[in-house]
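Spelled out from the first residue to the last, the chains are:
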Amino acid sequence: MKEKPENFTPGIHNSDYENEYLQSRLTASQLVNITGRRTESLNGKWRFAADLYDTCRRQGWFRQGRLNAEGRELPLDFDWESLEQITVPSSWNLLKPELYYFEGFGVYTRTFRYFAQEEGERLLLRFEGAAYRTTVFLNGKIAGTHDGASTPFNADITDIVNRGDNRIVVSVDARRSPLRLPMENTDWFNYGGIYRDIYLVRLPPVYIKDWFVRLDSSAISADVYIENTKDGQLNANLRMEIPGLNICNDIPVINGKAKIKIPASPQLWSPENPKLYDVTFTLDANAHSDTVNDRIGFRIIEAKGQEIFLNGKKIFLKGVCVHEDHITLGKTTTEKIIRKTIRDLKEMNGMYLRLAHYPHDPRFARIADEEGVLLWEEIPVYWAIAFDNPDTYNDAENQLAELILRDRNRASVIIWSIGNENADTDSRLSFMSRLAEKAKALDESRLVSAACLIKHEKLKIEDRLIDHLDVIGINEYYGWYDPDFDKLPKMLEISNPEKPVVICEFGGDARLGHRGTAEELWTEDKQKHIYEKQVETFKKCPYIAGITPWILYDFRCPRRFNRYQEGFNRKGLIDADRKSKKPAFYVMQEFYS
Ligand code: GCB
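Bear in mind that the values here come from a model prediction, so they are computed numbers and not experimental data. (Residues numbered from 1 in each chain as written. Predicted model: local features only at pLDDT ≥ 70, side-chain atom pairs only at ≥ 80, totals over all residues. Heavy atoms only, no water.)

### Description of the site of the ligand
Then, number 1: Around the ligand, 14 residues are found, and the nearest of them are Asp187, Tyr382, Glu421, Tyr481 and Lys571.
Then, number 2: One nitrogen or oxygen atom from the side chain of tyrosine 382 is found 2.6 Å from an oxygen atom belonging to the ligand.
Then, number 3: Burial of the ligand by the protein amounts to 96% of the accessible area it has alone, namely 320 Å².
Then, number 4: Classifying every residue of the shell around the ligand by side-chain character gives five nonpolar, four polar and five charged. (Near = heavy atom within 4 Å. Polar contact = N/O pair within 3.5 Å; in protein donor to acceptor, adjacent residues only side chain to side chain. Areas by Shrake-Rupley, 256 points an atom, 1.4 Å probe, with all protein chains shown as cover. Nonpolar A, V, L, I, M, F, W, Y, C, P; charged D, E, K, R; others polar.)

### Some details on the pattern of salt bridges
Then, number 1: Here the structure, examined in full by the defined rule, presents 65 salt bridges.
Then, number 2: Here glutamate 378 and arginine 354 are joined by a salt bridge, their closest N and O atoms 3.0 Å apart. Here glutamate 378 is found in strand E26 (residues 374–378), whereas its partner arginine 354 is found in strand E25 (residues 352–355), with 24 residues between them in sequence. Residue glutamate 378 shares its accessibility class with arginine 354, and that shared class is buried.
Then, number 3: For aspartate 554, the salt bridge is made with lysine 582, and the minimal N-O distance between the two is 2.8 Å. Taken together, the residues aspartate 554 in the loop between strand E31 (544–547) and strand E32 (555–556) and lysine 582 in the loop between strand E33 (568–569) and helix H9 (583–592) connect sequence positions 28 residues apart. For the pair aspartate 554 and lysine 582, a shared accessibility class is recorded, and that class is buried.
Then, number 4: Sharing partners across several salt bridges, the network here consists of Glu18, Arg25, Asp54, Arg57, Arg133 and Asp147. (Salt bridge = Lys/Arg side-chain N within 4 Å of Asp/Glu carboxyl O. Helix = DSSP H or I, 4+ residues; strand = E, 2+ residues; numbered from the N terminus. Buried < 20%, exposed > 50% of the residue type's maximum accessible area, 1.4 Å probe, protein only.)

### Considerations on the sheet that holds strand E22 (residues 307–310)
Then, number 1: Sheet architecture is open: three strands sit in the order E21-E22-E23, paired in antiparallel fashion. Because the sheet does not close on itself, it has two edges, and the strands there are strand E21 (301–304) and strand E23 (313–315). Along the sheet, successive strands turn relative to each other by an average axial angle of 40°, direction set aside.
Then, number 2: Note: E22 against E23, three bridges, orientation antiparallel. Counted as the bridge partner of leucine 310 is lysine 313 from E23. (Pairing = 2+ DSSP bridges. Axes fitted to C-alpha atoms, helices over the stretch in contact; angles between N-to-C directions.)

### Brief notes about unusual backbone geometry
Then, number 1: With omega at 0°, the peptide bond leading from valine 88 into proline 89 counts as cis.
Then, number 2: By the secondary structure assignment, proline 89 is in the loop between strand E3 (84–88) and strand E4 (105–114).
Then, number 3: Residue tyrosine 132 is bonded to the preceding alanine 131 through a cis peptide linkage, with omega at 10°.
Then, number 4: Within the fold, tyrosine 132 resides in the loop between strand E6 (130–131) and strand E7 (133–138).
Then, number 5: A positive phi is found at tryptophan 522, a non-glycine position, where the angle reads about 75°.
Then, number 6: Tracing the sequence through the fold places tryptophan 522 in the loop between strand E30 (501–505) and helix H8 (524–539).

### Some details on empty space enclosed by the protein
Then, number 1: Taken as a whole and judged by the stated rule, the model has four cavities of 30 Å³ or more.
Then, number 2: Estimates place the volume of the largest cavity at around 230 Å³.
Then, number 3: Lining the largest cavity are 22 residues, with Tyr132, Ala149, Pro182, Trp188 and Asn190 sitting closest to its centre.
Then, number 4: Volume-wise, the second largest cavity comes out at about 100 Å³.
Then, number 5: Along the walls of the second largest cavity sit Leu31, Val32, Asn33, Ile34, Thr35, Arg126, Glu128, Asp210, Pro362, Arg366, Leu405 and Arg406, which together make up its complete lining.
Then, number 6: Of all the secondary structure elements, the ones that give two or more residues to the lining of the second largest cavity are helix H4 (362–371) and helix H5 (390–407).
Then, number 7: Grouping the constituent residues of the lining of the second largest cavity by class yields five nonpolar, two polar and five charged. (1 Å grid on protein atoms, 1.4 Å probe; cavity = no way out; pocket = protein on both sides within 12 Å on 5 of 7 lines; lining within 4 Å. Points joined across faces, edges and corners; volume = space filled by probe spheres on them.)

### Structural notes on the pairing of E26
Then, number 1: The element E26 is extensively covered by neighbouring structure, given that five of its five residues are classed as buried.
Then, number 2: Where E25 meets E26, four bridges bridge the pair, whose relative direction is parallel. Within E26, the position partnered with tyrosine 352 by the bridge is leucine 374.
Then, number 3: Bridging between E26 and strand E27 (residues 413–420) involves four bridges; their strand directions are parallel.

### Structural notes on the nonpolar core
Then, number 1: Counting 93 residues, the largest nonpolar core has Val381, Ile418 and Met588 as its most contacted members.
Then, number 2: Not counting the four nearest positions on each side in its chain, methionine 588 is found in contact with Met348, Phe506, Tyr531, Val535, Ile547, Pro549 and Leu573.
Then, number 3: Counting 31 residues, the second largest nonpolar core, distinct from the first, contains Leu26, Leu42, Ile157 and Ala174. (Core = buried A, V, L, I, M, F, W, Y, C linked by side-chain atoms within 4.5 Å. Contact = heavy atoms within 4.5 Å.)

### A short note on the layout of surface pockets
Then, number 1: In this structure, the largest pocket encloses a volume near 570 Å³.
Then, number 2: For the largest pocket, the lining is made up of 24 residues, of which Phe8, Thr9, Pro10, Gly11 and Ser15 are closest to its centre.
Then, number 3: Contributing elements (two or more residues each) for the lining of the largest pocket: helix H1 (18–22) and helix H2 (55–58).
Then, number 4: The class makeup of the residues in the lining of the largest pocket is eight nonpolar, seven polar and nine charged.
Then, number 5: As a volume, the second largest pocket reaches approximately 390 Å³.
Then, number 6: Lining the second largest pocket are 16 residues, and of these Arg25, Arg133, Asp147, Asp391 and Asp395 lie nearest its centre.
Then, number 7: At the level of elements, strand E8 (141–146) and H5 are the ones that each hand at least two residues to the lining of the second largest pocket.
Then, number 8: Counting residues per element, the lining of the second largest pocket draws most heavily on H5, which supplies five residues.
Then, number 9: By residue class, the composition of the lining of the second largest pocket is three nonpolar, seven polar and six charged.

### Quick notes on the packing of helix H3 (residues 335–347) against H4
Then, number 1: For the pair H3 and H4, interaxial distance at closest approach is 10 Å and the crossing angle is 45°. The orientation of H3 with respect to H4, classified from their angle, is oblique. Of the two elements, H3 crosses H4, and the hand of that crossing is right-handed. Contacts between H3 and H4 involve Glu335, Ile338, Arg339, Thr341, Ile342 and Lys346 from the former and Arg363, Phe364, Ile367, Ala368, Glu370 and Glu371 from the latter.
Then, number 2: Taken together, the residues of the contact of H3 with H4 break down into five nonpolar, one polar and six charged. (Parallel < 35°, antiparallel > 145°, perpendicular 65-115°, else oblique. Left-handed = near helix turned anticlockwise from the far one by under 90°.)

### Overview of the sheet that holds strand E13 (residues 206–216)
Then, number 1: Strand order in the open sheet formed by four strands is E13-E14-E18-E17, with antiparallel pairing between adjacent strands. The sheet terminates laterally at E13 and strand E17 (253–254), the two strands that pair on one side only.
Then, number 2: The sheet contact formed by strand E14 (residues 219–228) and strand E18 (residues 257–263) spans seven bridges and is antiparallel. Bridge pairing in E18 places isoleucine 220 opposite isoleucine 262.

Right, here's the structure in full:
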């Protein structure tokens, strides 16, 4: 044990103050499915301070007051109502110039009033995304800590919420670190803060925690999970209704779990016919009732040999990659932005998106369900993360579980991607094969993939992880990072993959409006030339089952400084204004038509 001198003063001397906050972790195991539930938004005006030295947590500001050893009040270095007002959700970097490069701790606070509406009511505090480590306090108590910038989490605050006024304090740590996911080096901008919606959710004391409904050959399979927060045995009656299919069945609940398979032939969901069915679960348990509704599409996605099949028909995935980055909002998004992204995809004659490189806003998959767009969803196991570190693994597995639990009822999502461009080492193989197993354990109805690298010396698709994947994702930049184009057809010829291949990245940078020859770097002409050569080659390859060029829109990136880039990755087919198209956009439009 470290010596603690008599004059040690917590809050000014370094101590392991963080340990206290790490005891109560908010993880996938607590996640409640809130789809179709009534929520009360906590979006809006909050008080905020950039807390460079993490003083909120060091000094325990959340306790609201500080006493000395004799129990006398100490002067406080904070005063909640004098902090500046900001809007939540937002990426703090874009709120004002002084915060543009800020990657530290931010402390947020606001009050809310609460009165229970039913006896035994539970109250959840739900975050859809805060970057990166979030510690939540309510009325002087710790509600929990969450790791991961892009997945949802919730804290059950029933035991610490007051009748009437409540003060919530949230400390968000946006630092990059070699142990985090992603690690400190990424090819995108590290936006910080509470950048997605935040809600209160009321639940009865016995409630439907989660459901997973999907088509399983010719039957609809449902798994439903019930949480009983009351003492005593659960006495529950659960009903599933799908009026559009004349389904109305009671499902027995055993130890909080209910499972059923009902033969059915629904109209199949597809990009041409994105048919959704209303699904309702009603629970009557221990004198309480709970109802949840969802809108679910039924379809089957499979990989056989070198091909991908949707509802038994071979498909070619006509797609494009997209980041969440927005010129004025950063990682914060809106329904309008999501719908516009899908319109741009459709204008390109595409029907598939790779949501790179982390889970995007939860509205994306819901809107894609309605619009008939197929999705690849991904966790930020990006480049050289700490594959040897068990904490990093636990974080990755938890982020994967949070994503899958959030979106496994969405027909649009067909692929879970467990990583991007990770070198084929032993520790990476063990880390990522465990992730693949985890994805299958949580959801056997979708395909698992990862964006892999080519073995350059052999000029071949070869990676030990492939044994654990259903679909091989390949990133290649022939014509750009490797100027020798002829290697692409050679590589495709030398390779003989036993599984379908999707080219999940290719492309090159072009500054909007910069013209020149097809050989001149950074010109629209060179980018167009790369696209023409790439798609010509793909046409001749029998085993490519889909492509997603990099990328739909230019996006901010602090690694890119030259006169054409000016802080942006310019590989977009459309400028960062999300309006102005580059000529390569039309190459894809024609290829996909
Ligand atoms: C890649 C990465 C992507 C980068 C891109 C680029 O291979 O997966 O995150 O942004 O290349 O532009 O270099």
